[in-house]
Amino acid sequence: MGRGSTLVEKIIARAAGVDRVAPGQLVTAQVDLAFAHDSSGPRRWAPMLRELGVGLWDPQKVAIVSDHYVPAVDAESARILKLAREFAAEHQVGAFFDMVGICHLVLPEHGLIRPGAFVAGGDSHSPTAGAFGAYAAGYGATDMAAIVATGETWLAVPETIRVEWSGRFGAGVAAKDIMLFLCRELGMDNAFKAIEYGGDTVEGLSMAERMVLCNMAAELGCEAGVVAPDRTTFAYLRAAGRPVEDEAAALALASDRDAVYAAVHRFNAATLQPQIAAPHDPSRTQDVTEHAGIKVDQCYIGACVGAKIEDLRMAAAVLKGRKVSPDTRLLIAPASQKTTTTATQDGTLQTLMEAGAVLLPSGCGACAGYGAGVLADGEVCISSTNRNFKGRMGSKEAQVYLGSPYSVAAAAIEGRIADPRQFLGEAA
Amino acid sequence: MSGRAFVFGDNIDTDVMAPGTLMKLPPEELAQHCLAAVDPDFARTVAKGDFVVGGRSFGIGSSREQAAVSLSLLGVRAVIARSFARIFWRNAINLGVPCITLEQAGEISAGDRLEVDLAVGRLTNLTTGRGYDFTPLPPHLMAMMDDGGLMPHLKKKLAGAA
Ligand code: SF4
């Protein structure tokens, strides 16, 4: 045959119980982990499972994380959360995480995302788990109900796009800038494709930054984003208390040298500028200098993609010894309780609080307009979240710009979109 | 068993198939507004067994299943397009509406009579006399399709296993 397999093809072949698969081939895969949150999970699954007259196929392989409606702000969100808790107890869900953070971060924090796993998530940013060398895709309600009932799902094997980055980031540049840049370069219409990130830049990134790359595969329209597992992956999982037993097998998941890609793109990280996406979609990205000076009413650091401890540290690096401008407000919703704890211990939180930031609970918060920090008509926000579709963060008449935590922090100081490099010892 | 082609362009999104502002309507009523923004007569004129033909990225946008539900309720036999958005494609197949990817979808004109053999992967345009091959769905998806979609299929399977 002579044709090698990509990482994604290897995972799918294993999950489908066949030697190899080719793009376009339809297969049935056994799911290693199925997860959902309070909004997409129990409240949708319960009636369908009742209709089918079955329970969960394997409660140990199902994870539920309450993150969208936390903490409850009205009777309806309280009801949804109560339903999730009752469902988890009734079905003896192996992993139920209540109000400890956003699913895409909480699952890795507990070592539940394993290299080579086939992961099905009831959320469009499920590809985040691909940072660990898993195949992870998002599914609609009927699909997820069927998955938790049977443990399997069908799929068409996606083609893989490979994107290679080389060189080191300059000051004030992060994985978020890579993704905003790629949204512009590759567009958002990449359905039925997976994206694989590689190159020395990616190899040098922390797991947190790799999660950013895979999270925003969703914005590219890709069904999955992946990074091959390596020592960084193993170290993270060891620290999470769930080390990888067979590291050689995990390393062998990497795409074969003669794997066939839909396309291969190469970019230089060293020349990448901080990127800002203009309203109302993430592909409207330009260098920060193009948007500098735009007045912002709110600066928001939050979401699965943009409020991990590493993100908070980026913001703190910019804000250290400085103050949030009285013309704006800086809201910070750490992505998990663990993030808040770590930020408390290492001084990050102190730096942010002294600068004048407002601390919000861990959860999706204002990212999808569910929680605290939503916007009014005519307000302008710069946000470290992943999407800026019209109306997503509150009013349909609000404008949301996307940037890295560095860029959000810089805007907080100036009250306007600003180049973060001026606060990091490298002139723009 | 042939049906007529209703032809649309690129980027037909799920909002056009199931408008967000009308999502509270019962499914049967919502279906009456399906594709109305691009063809006001569609819901009234489409008949059981007819086909919807699109261009690129058919079904982009929100993941709402109601887009596929409406096509299903209107009796659409299959959707044929140059490319599909993944979640719509899955939702449609799960609801028993096959999506056929065909690069030459643009050769089909409004009103053409089409015939499709899903098992073989053959589409015939009876009006122009042209035939097209596509990759057929594998047996397990054909079985799901025959049962009317994922939930009925699963129900049957689970009942059989019990
Ligand atoms: S933080 Fe935002 S993008 Fe992430 S899971 Fe929550 S709503 Fe979705």
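Structure first, text after, so check above.
As the structure is a computational prediction, the values presented were derived from the model and not from experiment. (Residues numbered from 1 in each chain as written. Chains lettered and ligands numbered in written order. Predicted model: local features only at pLDDT ≥ 70, side-chain atom pairs only at ≥ 80, totals over all residues. Heavy atoms only, no water.)

Undergrad: Would you mind showing me how to read the packing of helix 8 (residues 207-215) of chain A against helix 9 (residues 231-239) of chain A here?
TA: Each pair of packed helices can be summarised by the angle the axes make with each other and by the distance between the axes. Residues and elements named next belong to chain A. Two elements in contact, helix 8 and helix 9, have axes separated by 10 Å at closest approach and are oriented at 110°. Here helix 8 is positioned roughly perpendicular relative to helix 9, judged by the angle of their axes. Together, Met207, Arg210 and Met211 of helix 8 and Thr232, Thr233 and Tyr236 of helix 9 make up the contact between the two elements. For the contact of helix 8 with helix 9, the per-class residue count stands at 3 nonpolar, 2 polar and 1 charged. (Axes fitted to C-alpha atoms, helices over the stretch in contact; angles between N-to-C directions. Helix = DSSP H or I, 4+ residues; strand = E, 2+ residues; numbered from the N terminus. Parallel < 35°, antiparallel > 145°, perpendicular 65-115°, else oblique. Contact = heavy atoms within 4.5 Å. Nonpolar A, V, L, I, M, F, W, Y, C, P; charged D, E, K, R; others polar.)

Undergrad: What exactly am I supposed to notice about the environment of glycine 55 of chain B here?
TA: Residue and element names in this part refer to chain B. With respect to the secondary-structure elements, glycine 55 resides in the loop between strand 2 (51-53) and helix 4 (66-73). The spatial distance from the C-alpha of glycine 55 to the C-alpha of leucine 102 is 9.3 Å, given a sequence separation of 47 residues. The contacts of glycine 55, once residues within four sequence positions are left out, are Phe8, Gly9, Asp10, Ala81, Arg82 and Ser83.

Undergrad: Would you take a moment to explain the interface of chain B and chain A for this structure?
TA: Where interface size is quoted, it is often the accessible area lost as the parts come together. Listed as interface residues are 21 residues of chain B and, on the opposing side, 25 residues of chain A. Here chain B and chain A share an interface that buries about 2100 Å² over both sides, 65% of which is from carbon and sulfur atoms. Its largest share of buried area at the contact with chain A, chain B owes to Arg86, Arg90 and Met151 of chain B, together 33% of the area lost on that side. Where chain B touches chain A, the interface holds 4 salt bridges. Here aspartate 143 of chain A ties to arginine 90 of chain B by a salt bridge, and the two come within 2.7 Å at their closest N and O atoms. (Buried area = accessible area lost by both parts, 1.4 Å probe. Salt bridge = Lys/Arg side-chain N within 4 Å of Asp/Glu carboxyl O.)

Undergrad: Sorry if this is basic, but what is going on with the pairing of strand 6 (residues 122-125) of chain B here?
TA: It is a general feature of regular strands that their side chains alternate between the two faces of the sheet. All names here are of chain B. Side chains of strand 6 alternate between two faces, with Leu123 and Asn125 buried and Arg122 and Thr124 left unburied. Sheet topology note: the strand 5 (residues 113-117)/strand 6 ladder contains 4 bridges and is antiparallel. Its bridge partner being in strand 6, valine 116 is matched across the sheet by leucine 123. In this structure, the hairpin formed by strand 5 and strand 6 is closed by a connection of 4 residues, where glycine 121 is found at a positive phi of approximately 85°. Hairpin remark: strand 6 followed by strand 7 (residues 131-133), antiparallel, with 5 residues in the connecting loop; positive phi at glycine 129, about 80°. (Buried < 20%, exposed > 50% of the residue type's maximum accessible area, 1.4 Å probe, protein only. Pairing = 2+ DSSP bridges.)

Undergrad: Can you help me understand the side chain of histidine 104 of chain A in this one?
TA: All names here are of chain A. Along the polypeptide, histidine 104 turns up in helix 4 (residues 103-109). One polar contact links histidine 104 to aspartate 123, side chain to side chain, over a distance of 2.8 Å. Aside from chain neighbours lying at most four places away, what touches histidine 104 is Phe35, Asp123, His125, Ser126, Thr128, Met211 and Cys304. (Polar contact = N/O pair within 3.5 Å; in protein donor to acceptor, adjacent residues only side chain to side chain.)

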